[in-house]
Amino acid sequence: MNTATTGLQSARIGTGLLDSTRPVSFQFNGRSYTGLQGDTLASALLANEQRLVGRSFKYHRPRGIFSAGSEEPNALVELGSGAYREPNTRATVTELFEGLEARSQNHRGPLSFDVMAINDHLSSFLSAGFYYKTFMWPKAFWEKVYEPVIRAAAGLGSLSMQEDPDTYDKGFLHADLLIVGAGPSGLAAALTAGRAGLRVIIADDDFLAGGRLNAEQMEVDGMPSAQWAARSHAELCSMPNVRCLLRTSVYGAFDHGIYGALQRCTDHLPDKSSEKPRQILWRIYARQTLLGAGATERSIAFANNDRPGIMLAGAVRTYMNRFGVAPGKEVVVFTNNDDGWRTAADLTRAGVSLAAIIDTRTTSAPMKLPGVRIVMGGQVITTRGRLGLRSVTLHDGQTLPCDCLAVAGGWSPNVHLTCHQRGRPVWRQGIAAFVPGAELPQGMRVIGAANGSLGLSSALTEGHRTAVRIIEASGIGKNTSSSPVAEQESTRITAFWHVSASRGRAWIDLQNDVTTKDIALSFKEGFRSVEHLKRYTTLGMATDQGKTSNVLGLAVMPQLSGKTIQDTGTTIFRPPYTPIPIAALAGRSRGKHFRPVRHTPSHQWAQDNGGDFVETGMWLRAQWYTREGETHWRQSVDREVLQTRRAVGICDVTTLGKIDIQGKDAAAFLDRVYANTFSTLAVGKVRYGLMLREDGFVMDDGTTARLGDTHFLMTTTTANAVSVFRHLEFCRQCLWPEMDVHLISATEQWAQYAIAGPQARALLEGVVDAPFDISNETFPFMACAELTVFNGTPARLFRISFSGELAYELAVPTRYGHSLMEALMQHGKQFDVVAYGTEALGVMRIEKGHAAGNELNGQTTAANLGLGRMVSTKKDCIGAVLSKRPAMNTENAIQLVGFMPEDSAQSLRAGAHFLSEDAEETTANDQGWMTSVAWSPVLNSSIGLGFITNGSNRQGERIKAYDPVRGESYPVRIVSPHFVDPDGERLRG
Amino acid sequence: MLIDHPLLGLRDASEFVYLGDASLMNRPDATAADASQQFHDYLHLRDNPAGLHRELWYHEQGDRSWLIVTRDTLTHEISHVELARDVSLAHRATDQEGGA
């Protein structure tokens with residue numbers, strides 16, 4: 001059990017780089033502990049000898065801290081509480097702060113007695129691909145029984161299920177040089193480039209610049225390496241041309257020198273109520289990039305190599321040197337390389353008891369370690385100690401008591417970002433690791449350990465030298481620096497991956513519980529490509545993406561296949577390098593801010609007058625205006641329709657797209673983009689226009705007014721305003737560049753209102769300034785004019801009708817929209833004016849038989865809509881040729897007609913299909929479908945528009961409407977689509 | 001991605017809308033005897049090369065220029081960017097010379 005006591009920090013052997021004057025209290029699994037400012041959660045737990053921190057994914061094996069960085073596979077904890085709860089956080093990169101609350105994950109009952117640990121004894125049933133092999137039958141059980149149980153048993157923390165209370169931001173940065181990683185090579189390069197005047201961004205995942213310089217007992221330029229790192233970082237921060245981003249993970253390399261980075265801004269602060277964003281997602285545009293991402297140490301596969309207390313040798317050094325923590329009281333080092341010996345040396349120097357160093361190589365010892373037992377050509381066969389390491393057993397049967405085993409399996413350069421475009425790493429035998437290949441993302445160079453230059457001196461020189469080359473190529477400044485000086489430590493290695501004498505499970509991927517047996521099994525079952533191996537065994541998946549395990553897995557494969565590691569290859573590395581919260585990708589674009597809302601100029605008026613809004617495109621439009629006493633939307637809509645048809649109604653139609661078209665070829669241009677002719681349109685007149693796509697189907701419709709000989713104003717449907725404009729620009733620039741025609745969107749420049757109903761003219765006569773005459777004789781149906789209203793407000797008036805009534809559309813500059821609406825309603829009182837919304841607009845257009853979005857759905861032709869004659873045969877236009885294809889012009893094509901229910905109590909529903917009355921309800925008998933329906937308060941009946949085979953010749957026929965979705969079937973009669981005023985007398989009156 | 005706009009310099013690809021193969025500029029002659037077949041091919045038959053591809057991009061969140069971008073579909077390397085209008089005009093000039 002836990003021996004830690006509050007404030008004790010019994011494993012603390014020094015202060016490392018911590019601030020010993022600032023204790024920090026925190027909680028783990030409800031218990032209080034104390035660490036120091038500068039600790040990570042992992043180092044503070046180790047300082048308190050809390051070695052058991054979690055349970056493994058599949059077998060629920062007790063696990064401890066394995067690494068000291070973002071590669072951590074084991075120590076995943078849940079942070080915070082309530083809506084702030086965050087699962088799967090790596091304790092090794094979690095900065096300690098006052099009041100931090102952490103909990104272990106993935107166990108039932110206390111951490112030390114997880115009832116799910118039964119899985120460990122069932123391991124032979126849970127081997128590679130067990131998901132695919134087990135629980136296959138009965139099929140229905142998968143979703144309801146097996147999957148929920150497996151998900152609950154093999155989980156990785158849990159979500160709060162509440163809305164994220166934090167804010168996230170996005171930002172854009174530009175640099176001459178982006179340096180990824182502030183370790184030895186990155187700092188050396190940044191100093192050189194920064195002093196020469198380049199705009200430099202240097203980013204590091206850690207909260208302290210320096211990388212391994214903070215974890216070593218080495219010297220740079222005659223001072224301790226950590227001190228050199230701090231001094232270099234301070235110098236960089238003082239340069240105005242250098243931006244230092246700590247706590248920032250560069251997670252992806254994208255096209256053309258663009259990088260994604262995540263900066264953690266407030267995660268380390270005790271006060272979560274900060275106004276600042278929690279995290280910022282940066283998009284960095286870099287001319288040149290230096291990748292100095294360092295290297296990650298890997299383990300060696302031997303039986304029971306996953307126990308708490310077994311740790312990477314480099315991590316042991318980090319905890320001792322940077323955090324002043326002894327990861328154990330009695331340590332054994334197991335290595336295949338010289339770097340492992342440096343851990344042994346540091347342990348001895350710090351006075352930690354070192355039981356033995358076991359080196360798999362049969363060479364002579366690379367250094368002297370007085371008083372330490374040295375076993376050359378040795379191997380660790382297995383380990384003991386369920387909740388924490390108690391002993392290791394060697395190849396010769398000896399058992400060495402110890403509570404910490406430092407494993408040094410060699411270092412793998414962090415090549416990830418070099419592969420995010422097309423690059424594949426190549427194997428370098430000398431260091432037994434993959435190094436970056438020749439094909440790198442645009443503008444990228446790799447330096448230091450990431451490039452396979454594992455020694456400190458070579459990393460520093462490489463960083464400096466590469467920066468000098470970039471300065472010279474940039475032509476921006478001159479190099480004034482020389483390379484930092486350090487000794488070059490020995491990094492010799494003899495590859496050794498797997499203790500074959502081990503019996504029992506030898507872990508490769510600690511996070512996903514993948515063992516050497518799983519690899520052998522999947523190989524036996526035929527999964528030989530590394531990509532298949534990954535999916536079948538889950539090797540290298542989840543939060544750590546196999547940073548400590550991939551290469552080990554790839555090395556064990558060839559031992560089975562006889563291929564080389566190079567030929568086996570790696571799986572493809574994809575962004576992100578470290579996990580990125582979805583919230584950071586969303587940034588501010590959430591809830592109402594997911595996309596902007598557009599308000600028309602008289603939005604406030606609508607809001608003040610009972611407007612109930614609907615989103616169309618991005619616009620908010622009033623669907624109807626609720627009056628006192630109205631309890632159902634139909635009451636409002638019926639009232640608006642009846643009052644408009646009886647007196648006069650006003651509707652905000654500002655959202656229609658408006659395109660101003662000018663130039664001496666404007667008329668000819670319109671002839672080419674519309675199916676019908678516009679060059680014959682007189683100045684001062686409006687015409688309905690039908691626009692086709694090149695494949696002959698209808699794209700959009702609207703009215704276009706000729707304001708002058710070379711000046712037209714086109715309207716589009718609200719939904720297609722952007723795409724029609726784009727299409728017209730394509731026609732103008734790409735197809736007919738010789739035409740003198742210019743386009744500009746005027747949608748937002750004009751507020752526009754439909755004024756419809758028998759009293760429309762009477763109302764407007766009092767609005768339009770003298771001497772403009774809007775009598776039927778001088779301003780007939782389809783006339784338009786530029787005039788003034790209400791004593792001098794500039795306006796445009798169009799006599800067009802969507803409702804079928806005597807109607808106008810009046811447009812004024814946007815800034816007058818609100819006051820125009822107010823003035824029209826005030827002035828209209830004497831004519832019993834009513835404001836109507838989009839629902840009443842829809843009812844009236846269905847009553848009149850006008851097509852709208854439901855009918856112009858991209859699958860219908862002009863002929864289908866009853867507008868076939870509008871497609872001019874005298875000229876070419878977009879869509880003209882292909883609209884004449886025989887298959888689109890057959891005798892029994894669908895045509896737009898009206899429908900009424902035989903039983904007046906029956907409500908029609910859009911989406912119903914039409915069949916002969918006695919036909920069987922099959923697809924083969926389908927004749928068409930209902931597109932739009934409405935309750936017509938004029939006819940006191942439900943009415944509909946729809947397409948049906950040969951519809952215009954079948955008026956009066958009784959057919960069946962069949963709605964399998966709602967389980968309805970009822971008789972309807974085919975009628976004219978013009979339910980109201982079929983001869984158009986009202987609109988011309 | 002970054003697109004080197006001939007008038008505006010390097011712009012982020014998010015400012016643009018993609019259309020497709022630049023052959024969409026070559027609209028057939030509607031008066032040709034086999035116009036229907038030509039339009040069918042123009043609209044529906046396109047190469048999908050693994051390598052250099054001339055394609056139309058529209059600077060919708062910008063100056064509304066249609067551009068012809070020559071992009072390597074394997075590497076996303078952009079080797080050439082032209083104003084579509086200039087290309088179209090030049091094409092016509094060549095056609096007229098050829099015809100004269």
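### Comments concerning the confidence of the model for chain B
Item 1. Chain-level statistics for chain B give a pLDDT mean of 94 and a share of 97% at 70 or above.
Item 2. Across the assembled chains, the prediction reports ipTM 0.98 with pTM 0.90.

### Examining the interface of chain B and chain A
Item 1. Contacts between the two partners involve 21 residues from chain B and, on the opposite side, 18 residues from chain A.
Item 2. Taken together, the elements giving at least two residues each to the side of chain B that touches chain A come down to α1 (35–44) and α2 (84–99) of chain B.
Item 3. In terms of residue count, α2(B) provides more of the side of chain B that touches chain A than any other element does, five residues in total.
Item 4. When grouped by side-chain class, the residues that make up the side of chain B that touches chain A number 12 nonpolar, four polar and five charged.

### Some words on the sheet that holds strand β40 (residues 784–789) of chain A
Residue and element names in this part refer to chain A.
Item 1. Across the sheet, six strands lie side by side as β40-β41-β42-β39-β33-β43; this open sheet has mixed pairing. Taken across any chain shown, the strands that pair with only one partner, and hence form the sheet edges, are β40 and β43 (833–835). Strand-to-strand twist of the sheet, defined as the mean angle between neighbouring strand axes without regard to direction, takes the value 25°.
Item 2. Alignment of β40 against strand β41 (residues 793–798), held across six bridges, turns out to be antiparallel. Looking across to β41, one finds that Glu786 is bridged to Arg796.

### What to know about the packing of helix α5 (residues 184–195) of chain A against helix α6 (residues 225–238) of chain A
Residue and element names in this part refer to chain A.
Item 1. Orientation of α5 relative to α6, taken along the N-to-C sense of each, is 35°, at an axis distance of 10 Å. Between α5 and α6 lies a crossing of left-handed hand. Across the interface between the two elements, Leu187, Ala190, Leu191 and Gly194 from α5 touch Ala229, Ser232, Glu235 and Leu236 from α6.
Item 2. Looking at the contact of α5 with α6 residue by residue, the class counts come to five nonpolar, two polar and one charged.

### Remarks on the pairing of strand β47 (residues 941–949) of chain A
Residues and elements named next belong to chain A.
Item 1. Of all nine residues making up β47, seven are buried, and the element is well covered by its neighbours.
Item 2. Where strand β46 (residues 928–936) meets β47, eight bridges bridge the pair, whose relative direction is antiparallel. Note on β47: the bridge partner recorded for Ala934 is Ile943.
Item 3. From the end of β46 to the start of β47, which pair antiparallel, there are four residues, and Asn940 there has a positive phi angle of about 55°.

### Details of the environment of Asn857(A)
Item 1. Inspection of the secondary structure assignment puts Asn857(A) in the loop between α21 (838–848) and α22 (880–883).
Item 2. The sequence separation of Asn857(A) and Met699(A) amounts to 158 residues, and the corresponding C-alpha distance is 8.2 Å.

Parameters and conventions
Residues numbered from 1 in each chain as written. Chains lettered and ligands numbered in written order. Predicted model: local features only at pLDDT ≥ 70, side-chain atom pairs only at ≥ 80, totals over all residues. pLDDT = per-residue confidence, 0-100. Contact = placed C-beta atoms within 7 Å. Helix = DSSP H or I, 4+ residues; strand = E, 2+ residues; numbered from the N terminus. Nonpolar A, V, L, I, M, F, W, Y, C, P; charged D, E, K, R; others polar. Pairing = 2+ DSSP bridges. Axes fitted to C-alpha atoms, helices over the stretch in contact; angles between N-to-C directions. Left-handed = near helix turned anticlockwise from the far one by under 90°. Buried ≥ 20, exposed ≤ 12 C-beta atoms within 10 Å, placed from the backbone.

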